[in-house]
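Chain by chain, the residues:
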Amino acid sequence: MSAASALSKSASKTVPAPSKPAADSSTLPPGQHGIKEHSDGRFGYVPVQTRSDRFKSVNVADFEAVTGREAVWKHSPVAKFTDLTAGDLDGSRYPVESTPSADISVEWVPRTDARIGTAGLPEERAAASAWSVFDDALAITVSGEEAKEIVVTRSGLGNNARGAHTIIEAKPFSQATVILENTGDARLTENLEIILGESANLTVVSLQEWDDSAVHLANHFASVGRDARLKHVVVSLGGSIVRVNPSVRLAGTGSDTLLLGLYFADAGQHLEQQVYVFHDAPKSRSRVNYKGALQGQDARTVWIGDVLIGNRAAGTDSYEQNRNLVLTEGTRADSIPNLEIETGDIVGAGHASATGRFDDEQLFYLQARGITEEEARRLVVRGFLTEVVQQIGSPELEARLQLAIEAELIGTDDK
Amino acid sequence: MSVLEIKDLHVSVETDQGTKQILRGVDLTINEGEIHAIMGPNGSGKSTLAYTIAGHPKYHVESGSILLDGAEVLKMTVDARARAGLFLAMQYPVEIPGVTVTNFLRTAKTAIEGEAPPIRTWIKDVRQAMTDLRMDKAFAERNVNEGFSGGEKKRNEILQLELLKPKFAVLDETDSGLDVDALKIVSEGVNRAKANTGLGLLLITHYTRILRYIHPDFVHVFVNGRIAEQGGPELADRLEDEGYDRFLVPSNVG
Ligand SMILES: Nc1ncnc2c1ncn2[C@@H]1O[C@H](COP(=O)(O)OP(=O)(O)O)[C@@H](O)[C@H]1O
Ligand SMILES: [Mg+2]
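Residue indices follow the written sequence of each chain, beginning from 1 at its first position. Key to labels: chains lettered from A, ligands numbered from 1, both in the order written. In view of the model being predicted, local features appear only for residues whose pLDDT reaches at least 70, and side-chain atom pairs are presented and counted only at 80 or more, with totals across whole chains, interfaces and linings using the full set of residues. Neither water nor hydrogens contribute to the side-chain values; these are computed over all heavy atoms in the structure.

**Focus on the nonpolar core**
- Buried Ala, Val, Leu, Ile, Met, Phe, Trp, Tyr and Cys residues form a nonpolar core when they are joined through side-chain atoms within 4.5 Å. Throughout, exposure labels follow a simple rule: accessible area from a 1.4 Å probe, protein chains only, divided by the maximum for the residue type, with under 20% read as buried, over 50% as exposed, and the rest as partly exposed. Core analysis: the largest hydrophobic core is formed by 116 residues, its most contacted members being Phe264(A), Leu366(A), Leu401(A), Leu49(B), Leu159(B), Leu161(B) and Leu171(B).
- When residues in this core are grouped by element, the largest group, 8 residues, is from helix H4 (residues 373-389) of chain A.
- Contact definition: two residues touch when any of their heavy atoms are within 4.5 Å. Setting aside chain neighbours within four positions, we find Leu49(B) in contact with Ile6(B), Leu9(B), Leu23(B), Val26(B), Ile38(B), Leu202(B) and Phe222(B). The numbering of helices and of strands both runs from the N terminus, where a helix is a DSSP run of H or I of at least 4 residues and a strand a run of E of at least 2.

**Observations regarding the site of ligand 1**
Residues and elements named next belong to chain B.
- What makes a residue near a molecule or strand is one non-hydrogen atom of that residue sitting within 4 Å of it. Lining the immediate environment of ligand 1, one finds 14 residues, of which Lys20, Gly43, Lys46, Ser47 and Thr48 sit closest.
- Between an oxygen atom of ligand 1 and a side-chain N or O atom of Lys20, the distance comes to 2.9 Å.
- Here an oxygen atom of ligand 1 and a side-chain polar atom of Thr48 are 2.5 Å apart.
- Secondary-structure elements contributing two or more residues to the shell around ligand 1 are strand E1 (3-15), strand E2 (18-31) and helix H1 (46-54).
- If one sorts the elements of the shell around ligand 1 by residue count, H1 sits on top with 3 residues. In protein, a polar contact requires one atom able to donate a hydrogen and another able to accept it; more generally it is a pair of N or O atoms within 3.5 Å, and residues adjacent in sequence count only if both atoms are side-chain atoms.

**A short note on unusual backbone geometry**
Residue and element names in this part refer to chain B.
- Of note in the backbone geometry, Asn145 takes a positive phi value of approximately 65° without being a glycine.
- Mapped onto the secondary structure, Asn145 falls in the loop between helix H4 (119-132) and helix H5 (150-164).
- For Asn145, a relative accessible area of 0% gives the class buried.
- Phi angles above zero are rare outside glycine, and Glu173 is one such case at about 45°.
- According to the relative accessible area criterion, Glu173 is buried, its value standing at 8%.

**Quick look at the interface of chain A and chain B**
- Taken together, the contact pairs 20 residues of chain A with 34 residues of chain B.
- Roughly 2200 Å² of surface becomes buried between chain A and chain B when both sides are summed, with 70% attributable to carbon and sulfur atoms.
- Take a side-chain nitrogen of Lys or Arg and a carboxyl oxygen of Asp or Glu: if they are within 4 Å of each other, that pair is a salt bridge. Across the contact surface, chain A and chain B share 1 salt bridge.
- The tally of links from chain A across to chain B stands at 10 residue pairs in polar contact (both at pLDDT 80 or more).
- Where the side of chain A that touches chain B is concerned, the elements lending two or more residues are strand E1 (34-37), helix H3 (360-367) and H4 of chain A.
- Here the side of chain A that touches chain B takes 6 residues from H3(A), the largest share from any one element. Buried surface area refers to the total accessible area, computed with a probe of radius 1.4 Å, that the two partners give up upon joining, counted for both partners together.

**Digging into the pattern of salt bridges**
Residue and element names in this part refer to chain A.
- For the coordinates displayed, the defined rule picks out 42 salt bridges over all chains.
- Residue Arg400 is joined to Glu209 by a salt bridge in which the shortest nitrogen-to-oxygen separation is 3.2 Å. Highlighted residues: Arg400 in helix H5 (residues 395-413) and Glu209 in strand E9 (residues 201-210), separated in sequence by 191 residues.
- Judged by relative accessible area, which is 22%, Glu209 ranks as partly exposed.
- Salt-bridge contacts for Arg357 lead to Glu329; the nearest nitrogen and oxygen are separated by 3.5 Å. You can see Arg357 sitting in strand E19 (residues 346-357) and its partner Glu329 sitting in the loop between strand E17 (316-326) and strand E18 (332-341), a full 28 residues away along the chain.
- Classification of Arg357 as buried rests on a relative accessible area of 14%.
- What emerges from the salt-bridge pattern is a single network uniting Arg51, Arg54, Lys56, Glu123 and Asp306.

**Quick notes on the packing of aromatic side chains**
- Think of it this way: a Phe, Tyr or Trp ring, Trp meaning its six-membered ring, pairs with another when their centres are within 6.5 Å, and the plane angle makes it stacked under 30 degrees, edge-to-face over 60, tilted otherwise. Taken as a whole, this structure holds 8 aromatic pairs over all chains when the rule is applied.
- Geometrically, the ring pair formed by Phe55(A) and Phe63(A) is edge-to-face, given 5.4 Å between the ring centres and 65° between the ring planes.
- Taking the relative accessible area as the measure of exposure, Phe55(A) reaches 48% and is therefore partly exposed.
- In this structure an aromatic cluster arises from ring pairing among Phe364(A), Tyr51(B) and Tyr59(B).
- A ring is scored as having a charge over it whenever the NZ atom of a lysine or the CZ atom of an arginine sits within 6 Å of its centre and within 35 degrees of its normal. Here the basic side chain of Arg111(A) rests over the ring of Phe134(A), its NZ or CZ set 4.2 Å away from the ring centre.
- Cation over ring: Arg369(A) sits above Tyr365(A), and NZ or CZ is 5.1 Å from the ring centre.

This is the structure:
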């Protein structure tokens with residue numbers, strides 16, 4: 001990990017991670033094989049303000065119309081979802097299915113539910129639009145100390161523009177894996193609040209396997225209590241434009257989060273994730289690991305990783321990384337890590353970002369050892385993404401994702 | 001007994017300046033169990049010959065043929081050539097992100113044998129071969145060639161040679177960039193592979209150094225895309241003393 005910048009016991013006040021749009025894969029010099037490491041550079045963008053100072057509001061009218069020049073929108077094809085940032089949204093209930101699980105309730109609750117707004121607030125207009133319109137929130141409430149799993153499926157959202165709100169609450173000392181499965185068509189902007197009580201141990205997996213036409217803008221706000229542990233996984237495979245932005249506040253002493261991401265963009269797909277971890281308590285720990293593959297003309301991915309170590313967060317340990325694997329020409333992967341540190345007392349803080357290319361020379365090498373072209377691609381992609389899949393911790397889901405990844409590979413081969 | 005025959009091979013590449021002729025009529029026959037050294041100055045076309053045998057898409061065969069036990073190699077895909085028993089140890093092995101050495105070796109072995117190797121003996125074989133090549137155990141879990149030093153890459157090539165057991169192997173400047181200790185280790189590996197499987201070897205080199213450890217039966221001097229002279233091991237000694245100068249005049253560049 002040569003690009004990892006590890007700071008330890010740093011005395012500096014604010015250290016924005018040197019950042020640049022690391023790898024526009026389409027401009028890699030020819031003949032470069034393997035991993036291109038993100039390297040520190042003077043150019044590129046440096047945060048203009050501390051991340052926690054961003055303007056927040058639940059009211060859509062408080063945000064200007066989206067132009068695409070805003071920091072949060074500048075990588076997104078905003079013209080393709082003006083209905084979700086400016087238009088009238090349907091905020092009504094929609095069909096949801098869930099597997100039965102004792103100690104986990106799934107129900108619609110009114111806007112007045114006390115939990116709403118406790119994990120985070122919108123920082124951009126699509127999120128505020130959703131917040132302004134939802135009639136009821138879907139609430140998934142976890143209690144009970146034994147490990148358990150629930151799958152909550154949305155498959156019938158249809159193609160009218162919607163706004164939605166979801167709460168996942170893990171009561172103190174509870175434990176569960178909540179898998180949110182998204183399939184079918186959708187034009188959806190939504191907020192998801194994840195609230196972990198003291199010592200709760202929660203895994204949330206958001207699975208985007210939408211139809212090709214779907215547009216999905218999601219903001220996940222998590223608040224992690226004392227000694228609680230959140231594993232958050234974003235898997236984006238299907239959909240036309242999918243933007244899932246998790247934002248986690250490590251609010252309690254000793255809180256811990258592992259943020260995983262897995263995405264596979266094929267021709268014309270835009271998959272984006274803006275990840276934000278706010279260390280707001282002592283001895284908190286975070287790990288961020290997002291991996292993506294790109295294949296096909298105009299396959300596009302964006303990863304922005306902001307880590308803020310606040311002045312209350314002494315003795316924290318954080319590391320974030322994003323790696324992209326480019327399988328064909330004509331793709332573009334942006335990967336932008338940012339690190340801000342407001343305390344001198346940290347155990348560790350590091351980041352890495354790299355975009356590697358699977359090219360003809362690699363193919364030749366593998367084939368020269370008897371491996372067919374198809375098998376060679378499968379080998380490389382599976383090898384690359386497996387590290388993330390294996391950390392999800394749900395064997396059934398892991399097996400299914402391995403198959404889904406292989407289907408992605410074959411899917412684009414046919415195009 | 002296997003035989004690899006290269007007949008009147010003409011090869012070109014496309015460059016920005018147009019088509020460039022590189023090989024201009026190569027004839028060479030290698031029998032199983034024989035070691036042939038190909039020696040020649042930089043730019044004479046040695047790697048082109050190696051890549052053409054392996055089937056690299058960049059090299060265009062204008063005419064000629066390559067027969068493996070009578071079957072036309074030029075009609076085979078790259079992977080089919082490997083499965084037919086050809087192996088190329090590359091001069092510059094590439095990095096393969098996301099694929100561990102272990103995974104790669106098993107996949108390659110499975111592809112070449114047509115079935116997965118029995119797990120117990122396979123793991124033992126891999127360990128033994130790595131120990132023999134003085135490769136640290138940790139290599140097995142690293143991505144293929146990623147962050148490997150020059151010497152480590154070459155060992156990794158020979159590791160594959162030992163495990164995949166081809167009928168014929170082309171070693172393209174496997175000696176270059178190796179210090180003397182690494183050179184000995186790598187040479188031992190090649191000699192071991194030959195002792196174990198009786199493969200035929202085409203040893204491409206610029207210097208005579210490696211020939212101290214791997215003894216060729218035949219030496220071919222390669223100049224300007226063809227074999228200019230051939231003989232026994234004594235020819236290598238002569239090259240050691242005289243260099244390639246006498247082959248380079250008169251210059252027929254262009
Ligand atoms: N892909 C290529 N594009 C352009 N020129 C090439 C290419 N490959 C080889 N050549 C040229 O062909 C000649 C022979 O190269 P090569 O086979 O690599 O020689 P050697 O291995 O003997 O040093 C050189 O002049 C080299 O520059
Ligand atoms: Mg060469």
